[in-house]
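Each chain is listed here by its residues.
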Amino acid sequence: CVSIAEGYIRDDFGLTNEQMSWFLGIFFWTYAVAQVPTGRLSERFGPRLVLSTYIAAWSLFTLALGWAGGFVALIAMRAGLGLAQAGAYPTSGLLVSRWIPFSGRGSASSLVAFGGRLGGAIAPLATSLLILVFTPMGTPVEFSADQIRNPKDLVALLTAARKADPPQKGA
């Protein structure tokens with residue numbers, strides 16, 4: 001959901017479009033590269049321990065994104081996030097193959113896949129809501145239904161309002 005908040009992130013850090021593309025893309029590159037190695041770690045050290053480690057790591061990298069002070073820190077945290085999340089599906093597949101009887105593996109695998117898709121559907125809505133809740137007071141409070149349904153337009157509208165009413169020093 002970082003792309004929904006892209007305008008705020010770009011403004012807050014003064015990033016160029018090229019820097020923003022690196023910030024958005026580094027997650028996917030590290031995620032793709034780490035899929036096989038993270039799956040191997042799960043096989044070697046056990047899925048229960050390793051999946052717990054991956055979840056803790058990606059939670060810490062997500063938290064650390066909020067503390068980032070500049071472009072390099074943003075890139076490092078997003079890369080770490082991609083590395084940590086890369087192990088989720090391979091490890092889940094290993095869990096299903098080890099813990100679920102053969103006859104139930106299709107249902108178990110579909111639950112894992114459905115959970116990922118459900119999260120992907122809910123997360124943009126939750127992100128948009130959080131942006132609305134934490135938007136500065138000077139931002140317009142009336143939005144059309146079309147603006148609310150289109151996250152990119154909504155963020156653009158909120159960003160434009162933010163630029164028009166910059167926060168005061170010491171406020």
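Computed from a predicted model, the values in this text were never measured in an experiment.

A. Structural context of the confidence of the model for the protein chain. When pLDDT is averaged along the protein chain, the result is 85, and 87% of the positions lie at 70 or above. When the elements of the protein chain are averaged for pLDDT, helix α8 (residues 151–164) gives the smallest value, 69, and helix α4 (residues 71–85) the largest, 95.

B. View of helix α1 (residues 6–13). Regarding α1, the residues found buried are Glu6, Gly7, Tyr8 and Ile9. Just beyond α1, the residue with positive phi is Gly14, at close to 65 degrees.

C. Structural detail: the pattern of salt bridges. Counted according to the given criterion, the structure contains two salt bridges. A salt bridge links Arg10 to Glu6; the shortest N-O distance between them is 2.4 Å. Taken as a pair, Arg10 and Glu6 lie in helix α1 at a separation of four residues, close to a single helical turn. Residue classification places Arg10 among the partly exposed positions, given a relative accessible area of 25%. Taking relative accessible area as the criterion, Glu6 reaches 19% and is therefore assigned buried.

D. Summary view of the environment of Ala126. Tracing the chain through its elements places Ala126 in helix α6 (residues 105–133). Look at Ala126 and you get partly exposed, because its relative accessible area is 35%. Separated by 125 residues in sequence, Ala126 and Cys1 place their C-alpha atoms 9.2 Å apart.

E. Focus on the nonpolar core. The biggest cluster of nonpolar side chains holds 23 residues, and the ones touching the most others in it are Ile9, Met20, Phe23, Leu65, Leu74 and Ile131. Elements with a contribution of two residues or more to this core: α1, α2 (17–45), α3 (47–65), α4 and α8. Those residues within four positions of Phe23 in sequence are excluded, and the remaining contacts are Val2, Ile9, Leu65, Leu74, Ile75 and Arg78.

F. Spatial organisation of the packing of aromatic side chains. Counting across every chain of the model gives two aromatic pairs. Here Phe27 and Phe28 contribute two aromatic rings whose centre-to-centre distance is 5.1 Å and whose plane-to-plane angle is 90 degrees, an arrangement assigned as edge-to-face. Taking the relative accessible area as the measure of exposure, Phe27 reaches 10% and is therefore buried. Three or more aromatic residues joined by ring pairs make a cluster, and in this case those are Phe27, Phe28 and Tyr31.

G. Here's a closer look at the packing of α1 against α2. It is at 11 Å that the axes of α1 and α2 come closest, and there the two elements cross at 125 degrees. Considered as vectors, α1 and α2 are oriented oblique to each other. Between α1 and α2 lies a crossing of right-handed hand. Residue-level inspection shows Glu6, Ile9 and Arg10 of α1 in contact with α2, the latter providing Asn17, Met20, Phe23 and Leu24. When grouped by side-chain class, the residues that make up the contact of α1 with α2 number four nonpolar, one polar and two charged.

H. How the structure looks around the packing of α2 against α4. It is the contact of α2 with α4, at a shortest axis distance of 7 Å, that shows an interaxial angle of 30 degrees. In terms of orientation, α2 lies roughly parallel with respect to α4. For the element pair α2 and α4, the recorded crossing hand is right-handed. On α4, the residues that touch Gln19, Trp22, Phe23, Leu24, Ile26, Phe27, Thr30, Tyr31, Ala34 and Thr38 of α2 are Phe71, Leu74, Ile75, Arg78, Ala79, Leu81, Gly82, Leu83 and Gln85. In the contact of α2 with α4, the residues fall into 13 nonpolar, five polar and one charged.

Conventions used here
Residues numbered from 1 in each chain as written. Predicted model: local features only at pLDDT ≥ 70, side-chain atom pairs only at ≥ 80, totals over all residues. Heavy atoms only, no water. pLDDT = per-residue confidence, 0-100. Helix = DSSP H or I, 4+ residues; strand = E, 2+ residues; numbered from the N terminus. Buried < 20%, exposed > 50% of the residue type's maximum accessible area, 1.4 Å probe, protein only. Salt bridge = Lys/Arg side-chain N within 4 Å of Asp/Glu carboxyl O. Core = buried A, V, L, I, M, F, W, Y, C linked by side-chain atoms within 4.5 Å. Contact = heavy atoms within 4.5 Å. Phe/Tyr/Trp six-rings, centres within 6.5 Å; stacked < 30°, edge-to-face > 60°. Axes fitted to C-alpha atoms, helices over the stretch in contact; angles between N-to-C directions. Parallel < 35°, antiparallel > 145°, perpendicular 65-115°, else oblique. Left-handed = near helix turned anticlockwise from the far one by under 90°. Nonpolar A, V, L, I, M, F, W, Y, C, P; charged D, E, K, R; others polar.

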